[in-house]
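Summary of structural features
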Amino acid sequence: MSRRPLLFESSPRLIYAHDLFMAGSAMALTLVTRFALEGKPIPGSLLPTSILVFVLICAVIFPLFGLGKGIWRYTALRDVWRIFLATAAANLLTLLIMFLFTRAAEFPRSTPIVVTLLATALLSAGRVLAVALSTGGRLLGWGFEDRSRPASVIVGDPEMVAEYLTGTRAKLSRAAPIAGMVTLGPARSGRTVRGVPLLGDIRNLAAILKAVTARDARPPQVVVADPRPTRAVLDAVVTAASEAGATVARARPTSGGETQLSPVQAADLLARPPRKLDPERARRLINGRRVLVTGAGGTIGGELTRQAARLGPAHLILVDASEFNLYAIDAQLREEKLEVPWTAALGDIRDPARMKEVFDLGRPDVVLHAAALKHVPLMETHPAEAVLTNVAGAIYVMQLARERCQAFVFISTDKAVNPTNVMGATKRVAERAVRALAAGGRARTAVVRFGNVLGSAGSAVPLFERQIAHGGPVTITDPQMVRWFMTVQEAAALVLEAGALPEADDAGAVFVLDMGDPVRIDDLARQLIRLHGLTPDRDIPIRYTGLRPGEKLSEEIFYAAEAVRPTAADGVLAAVDPAPDWAALEPEVRVLIHAAERRDESAVLAALQRLEPAFRPG
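Just so we're clear, the structure is a prediction, and the values are computed from it rather than from any experiment.

Here the focus is the overall build of the protein. Check the secondary structure of the protein and you find 20 helices and 24 strands. Within the protein, contacts between residues at least 6 apart in sequence are counted, and of these 76% link residues at least 24 apart.

Quick look at the structure:
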């Protein structure tokens, strides 16, 4: 929130007059006090002469030291140091001139020292008061610098930069030196914020970074001060930093209200800010209930487990077919020393007898079904396995949950919309089966559909990171490919919130997060390269490999027949169409599952196409 400028900030002439008046006052107070303590009258014209000479010299010296450039409410230690140097220089020149013209016969030799200290205090007082008034009495931002660290160039509006500097210097730690700041709009040339000079605006960022690199013989770090920067700002900063070989970091607020720096990540490059869903709605779903998470050791399942554990469940039941994944999530919960009881159950959702045993022992109230096979090209060559996990496994779990549990959430994918691959087709069939089984059941059921999850196992971003680390090339299927992306935290929060959303008029609805505009994979890869201080096509080559089996250039998130409407949760949409009849759907689904059990791939593909005519097996 911007503040109204203080009087002396709004007029450089008033600042100049204030500083000269305080300087003259310091000389007058020093001389009057000195002679009063000695019990002597001030000789002749010594007082007016000394004040006049000192003020005239200050009138020249102060602009040279930039005393009028600082914005008062952003005063920092370096501003006070600049005042001290300016008054010291003015006093030395005053002593020299007094000596040349009068031999300084009656001018006390200690006067320059006392006047320097007093003038520094008087000139700083108003500035320090302005800081106190603008920060609610907190005199922060007065730290020291560690010159062994690369300098920082801070990008942001003056208010954001001031808040960042205040936060990073609140503790008496040795911060990195700051070369200057760059504004998002037209820069007020020559001004300072907390003693940090304005170097220009963001249009000139690349040239500014190169100049700092040349001066310091090493590239600086660019710090984006705004905790919620726009995509355009981040793109401009990352591109400029790449040209200069500089790294980029963001100021992020912590839960304790402090500010900490962390590298810019792939999630920051989305075309929208991450959605922050309502935790209270999710808490109503989880708090005091027994919660079962399938696929609990995977990327989504693990984040679901961690978020659910913070919402006060009575008990967590973690199910995974991977021994290592289950061990890893179990170990994470132990390391965090959560006071939530949990059980780690090794089991495959494809095994109905094992799932019944898990349900009988765990007695879950809420089921979060994250287990699935999701790798598109791999499922093209293993269609039977995709059916057994994504279709049969989902049905087994849903059949156990529909009468025993209060809520069931099934995680789907945007690839289930007009699918062109086996993975998408199996998830679409599972969507329909789950919605059909939900009709007449006790469990409130929600299907959650979302796009690619940044950083999930097998996704593009970890692959790009590995390729960049090895010097490239970065492989992209097609320069025109676009995808919707969301963070793993968003995905898990959407699942938890969607579980609490369904009402009587949208039971079994498909819930989708408003994911903004899709992101070109080519643009994302190039920005990731730039984040490493490298230049695409020069330092890291990019190779286009062509679409893999089952892939398409762009995904969809809704069917044309689905009625899309907003929900009670901001940013969450519901896609509603009549639920299929399980009695009509079951025979074809059984044919599909039996073909998969026989590992008859041609029969599997034929059954998938009958169930989902949009699917065209390659």
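Right, picking up where we left off after that structure.
Turning next to the packing of aromatic side chains. Each aromatic ring pair is specified by the distance between its two centres and by the angle formed by the two planes. On inspection of all chains with the given rule, the structure shows 1 aromatic pair. Between F324 and Y327, the ring centres sit 6.5 Å apart and the planes meet at 45°, which makes this aromatic pair tilted. One end of the pair, F324, and the other, Y327, are both in helix α11 (residues 323-335), 3 residues apart, so they sit about a helical turn from each other. Like Y327, F324 is exposed.

Let us now look at the confidence of the model for the protein. Model confidence for the protein is summarised by a mean pLDDT of 81, while 85% of its residues fall at 70 or above. Across the protein, strand β10 (residues 290-294) holds the top mean pLDDT of 97, while helix α1 (residues 7-10) sits lowest at 47. Every residue in residues 1-8 is under pLDDT 50, and counting partners more than four places away or in other chains gives 12 contacts. Within the model, the stretch residues 136-143 combines pLDDT values under 50 with 23 contacts to residues more than four positions away or in other chains.

Turning our eyes to something else, we now look at helix α15 (residues 422-438). For α15, with 17 residues, the first-to-last C-alpha span of 24 Å sits near the 24 Å given by 1.5 Å per residue. When you tally the buried positions in α15, you get 16 out of 17 residues, the bulk of the element. G440, located one to two residues past α15, shows a positive phi value of around 85°.

A few words on a nonpolar patch on the surface. A contiguous nonpolar surface patch, about 530 Å² in accessible area, is contributed by L93, L96, F99, L100 and F101. Structurally, F99 can be placed in helix α4 (residues 77-102).

Before going further, it helps to examine unusual backbone geometry. Cis geometry is found at the peptide bond from G472 to P473, where omega equals 0°. On the secondary structure map, P473 appears in the loop between α16 (460-469) and β17 (474-476). Located in the positive-phi region is D537, a residue other than glycine, with phi close to 70°. Tracing the backbone shows D537 in the loop between α18 (521-531) and β22 (542-544).

Put simply, α16 and α18 touch, their axes get as near as 10 Å, and they point 40° apart. Relative to α18, α16 is oriented oblique. The chirality of how α16 crosses α18 is right-handed. For the pair α16 and α18, the contacting residues are V461, F464, E465 and I468 in the first and I521, L524, A525, L528 and I529 in the second. Class assignment for the residues of the contact of α16 with α18 results in 8 nonpolar, no polar and 1 charged.

Moving on: empty space enclosed by the protein. Following the criterion strictly, the structure yields 2 cavities of 30 Å³ or more and no others. If you go around the second largest cavity, the residues you meet are V155, G156, L184, V224, D226, P229 and V233. For the lining of the second largest cavity, the class distribution of residues is 5 nonpolar, 1 polar and 1 charged.

Let us look at the pattern of salt bridges. Applying the stated rule across the entire model yields 25 salt bridges. We note a salt bridge from R281 to E497, for which the minimum N-O separation is 2.9 Å. Note that R281 is positioned in helix α9 (residues 279-286) and E497 in helix α17 (residues 488-499), a separation of 216 residues in sequence. Of the two residues, R281 and E497, neither departs from the other in class, the shared state being buried. Linking E588 and R610 is a salt bridge whose minimum nitrogen-to-oxygen distance equals 3.2 Å. You can see E588 sitting in helix α19 (residues 582-597) and its partner R610 sitting in helix α20 (residues 601-611), a full 22 residues away along the chain. R610 sits in the partly exposed class, given a relative accessible area of 47%. Each of the salt bridges in this network shares a partner with another, and the network as a whole consists of R520, D522, D523, R526 and D537.

About the cut-offs
- Residues numbered from 1 in each chain as written.
- Predicted model: local features only at pLDDT ≥ 70, side-chain atom pairs only at ≥ 80, totals over all residues.
- Heavy atoms only, no water.
- Helix = DSSP H or I, 4+ residues; strand = E, 2+ residues; numbered from the N terminus.
- Contact = heavy atoms within 4.5 Å.
- Phe/Tyr/Trp six-rings, centres within 6.5 Å; stacked < 30°, edge-to-face > 60°.
- Buried < 20%, exposed > 50% of the residue type's maximum accessible area, 1.4 Å probe, protein only.
- pLDDT = per-residue confidence, 0-100.
- Expected span 1.5 Å × (residues − 1).
- Patch = residues over 30% accessible without salt bridge, like charges linked within 9 Å, V, L, I, M, F, W, Y side chains within 5 Å.
- Areas by Shrake-Rupley, 256 points an atom, 1.4 Å probe, with all protein chains shown as cover.
- Salt bridge = Lys/Arg side-chain N within 4 Å of Asp/Glu carboxyl O.
- Axes fitted to C-alpha atoms, helices over the stretch in contact; angles between N-to-C directions.
- Parallel < 35°, antiparallel > 145°, perpendicular 65-115°, else oblique.
- Left-handed = near helix turned anticlockwise from the far one by under 90°.
- Nonpolar A, V, L, I, M, F, W, Y, C, P; charged D, E, K, R; others polar.
- 1 Å grid on protein atoms, 1.4 Å probe; cavity = no way out; pocket = protein on both sides within 12 Å on 5 of 7 lines; lining within 4 Å.
- Points joined across faces, edges and corners; volume = space filled by probe spheres on them.

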